[in-house]
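# Report on the structure
Listed below are the residues making up each chain.
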Amino acid sequence: LLFNGTASGSRNLWIGPIDNLADARQITFVPGDAIAHSSLSPDGSRVAFVSIATGNSDVWVQNVDGTNLRQLTDDASPDSWPVWSPDGQGVAYTSIRGTQQETWRISVADGKAEKLFDGFFRGDWRAQPGGSGTWIVTSNGGNGVRLLDVEGRMVIWDVPIPNAASLPMFSPDGRRFSLPFQAGRDRDTIGIFDTLSGTRQETIDVPFRVLFRASWAEQESAFIVNRNATTSHIVMFDRFWSG
């Protein structure tokens, strides 16, 4: 499990086993609470994250053993919400260009960046079932969710969902995705959606607020979330209130 924490006095990235049989260990050591928006590579060997250590919001990468820290984006535009490509060769992120929000991709090997789509990106990137390409699922600035065909550069569907400001997350097989949204002052609902159609298949009511995302655990039998409380903390649960 990769998470952002302040146990060492400054906000940094930590990594540890989900079964909690070993202590989590700090893997970044950037002072000044300058790290946010992290993503673990598909093979678990590298992390991408946002840092404002140089005064601008840029994407950085490093190995999970703490080595090979390097700045990946370096432009005047604020960059945020990085997510690894399914093959681990690139990172998608949101970039604000003038007054426009755009979805960009950058190669980890050579730093070559290209625009993928117009619009905001905060979501997930997964290989399509059957191996015919890749999909991005992303919230649309709080107004809904979009499914994007990366190789075809097409919007497959765009569904309006009120209060959908969190990160949609693909299931391991890519056939479904999760999306938390606010259901009340102190409670949320996690929607389970069919990827091909964007239709909601199930809702899971949780008696607390969820920060950012509901990540799927192995075998799709549980979710890992950041429970928003006086002190936020990470929880895994597999007992659902369905409707």
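See the structure printed just above.
First, a word on scope: everything that follows refers to the structure included in this document. (Residues numbered from 1 in each chain as written. Predicted model: local features only at pLDDT ≥ 70, side-chain atom pairs only at ≥ 80, totals over all residues. Heavy atoms only, no water.)

## With respect to the overall build of the protein chain
Helix and strand counts for the protein chain stand at 0 helices and 23 strands. Considering only C-alpha atoms, the protein chain reaches an extent of 45 × 45 × 35 Å along its principal axes. Out of the 243 residues belonging to the protein chain, those deemed buried represent 47%. Counting only contacts in the protein chain whose residues sit at least 6 apart along the sequence, the fraction spanning at least 24 positions is 32%. (Helix = DSSP H or I, 4+ residues; strand = E, 2+ residues; numbered from the N terminus. Buried < 20%, exposed > 50% of the residue type's maximum accessible area, 1.4 Å probe, protein only. Contact = heavy atoms within 4.5 Å.)

## Examining the nonpolar core
Core analysis: the biggest nonpolar cluster contains 15 residues, and Ile-190, Ile-204, Val-206, Phe-223, Val-225 and Phe-237 have the highest contact counts within it. For this core, the secondary-structure elements that each account for two or more residues are β18 (187-194), β19 (200-206), β20 (209-216) and β21 (223-228). Considering each element in turn, this core owes the most residues, 3 residues, to β20. (Core = buried A, V, L, I, M, F, W, Y, C linked by side-chain atoms within 4.5 Å.)

## Concerning the pattern of salt bridges
Two side chains that carry opposite charge are able to pair once their charged atoms sit near each other. If you walk through the whole model with that rule in mind, you get 8 salt bridges. Linking Lys-115 and Asp-118 is a salt bridge whose minimum nitrogen-to-oxygen distance equals 2.4 Å. Residue classification places Asp-118 among the exposed positions, given a relative accessible area of 52%. Across the pair Asp-188 and Arg-209 runs a salt bridge, and its minimum N-O distance is 2.5 Å. (Salt bridge = Lys/Arg side-chain N within 4 Å of Asp/Glu carboxyl O.)

## Describing the packing of aromatic side chains
Under the definition given, this model contains 4 aromatic pairs. Ring centres of Phe-177 and Phe-193 lie 5.0 Å apart, and the angle between their planes is 5°; on these two criteria the pair is classed as stacked. In this pair, Phe-177 sits in strand β17 (residues 176-184) while Phe-193 sits in strand β18, placing the two residues 16 residues apart along the sequence. Each member of the pair, Phe-177 together with Phe-193, is buried. Through pairs of rings, three or more aromatic residues link up here, namely Trp-157, Phe-177 and Phe-193. Taking NZ or CZ as reference, Arg-97 lies 3.9 Å from the ring centre of Trp-104, over its face. (Phe/Tyr/Trp six-rings, centres within 6.5 Å; stacked < 30°, edge-to-face > 60°. Lys NZ or Arg CZ within 6 Å of the ring centre and 35° of its normal.)

## What about a nonpolar patch on the surface?
A surface patch of nonpolar side chains, about 350 Å² in accessible area, is lined by Leu-1, Ile-18, Ile-234 and Met-236. Its place among the elements puts Ile-234 in strand β22 (residues 233-237). What makes Ile-234 partly exposed here is its relative accessible area of 39%. (Patch = residues over 30% accessible without salt bridge, like charges linked within 9 Å, V, L, I, M, F, W, Y side chains within 5 Å. Areas by Shrake-Rupley, 256 points an atom, 1.4 Å probe, with all protein chains shown as cover.)

## Points about the environment of Gly-142
Within the fold, Gly-142 resides in strand β14 (residues 142-149). Along the sequence, Gly-142 and Ile-204 sit 62 residues apart, while their C-alpha atoms lie 20 Å from each other. The residues contacting Gly-142, other than those within four sequence positions of it, are Ile-161, Asn-163, Ala-164 and Ala-165.

## Some remarks on the sheet that holds strand β11 (residues 113-118)
The strand order across the open sheet formed by 4 strands is β8-β9-β10-β11, and the pairing between neighbours is antiparallel. Looking along the sheet, the strands with just one partner apiece sit at the ends: β8 (79-84) and β11. Each strand of the sheet is rotated relative to its neighbour by a mean of 30°, with strand direction disregarded. As paired elements, strand β9 (residues 90-97) and strand β10 (residues 100-107) share 8 bridges and run antiparallel to each other. Pairing of Ile-96 across the sheet is with Gln-101, part of β10. (Pairing = 2+ DSSP bridges. Axes fitted to C-alpha atoms, helices over the stretch in contact; angles between N-to-C directions.)

## Focus: the sheet that holds strand β3 (residues 25-26)
A sheet is described by the order of its strands in space; here 3 strands give the open sequence β1-β2-β3, paired in antiparallel fashion. The open sheet has two edge strands with one neighbour each: β1 (2-5) and β3. Two strands pair when backbone bridges link them, and strand β2 (residues 12-15) and β3 are joined in this way by 2 bridges, in the antiparallel orientation. Across the sheet, the residue bridging to Ile-15 is Arg-25, located in β3.

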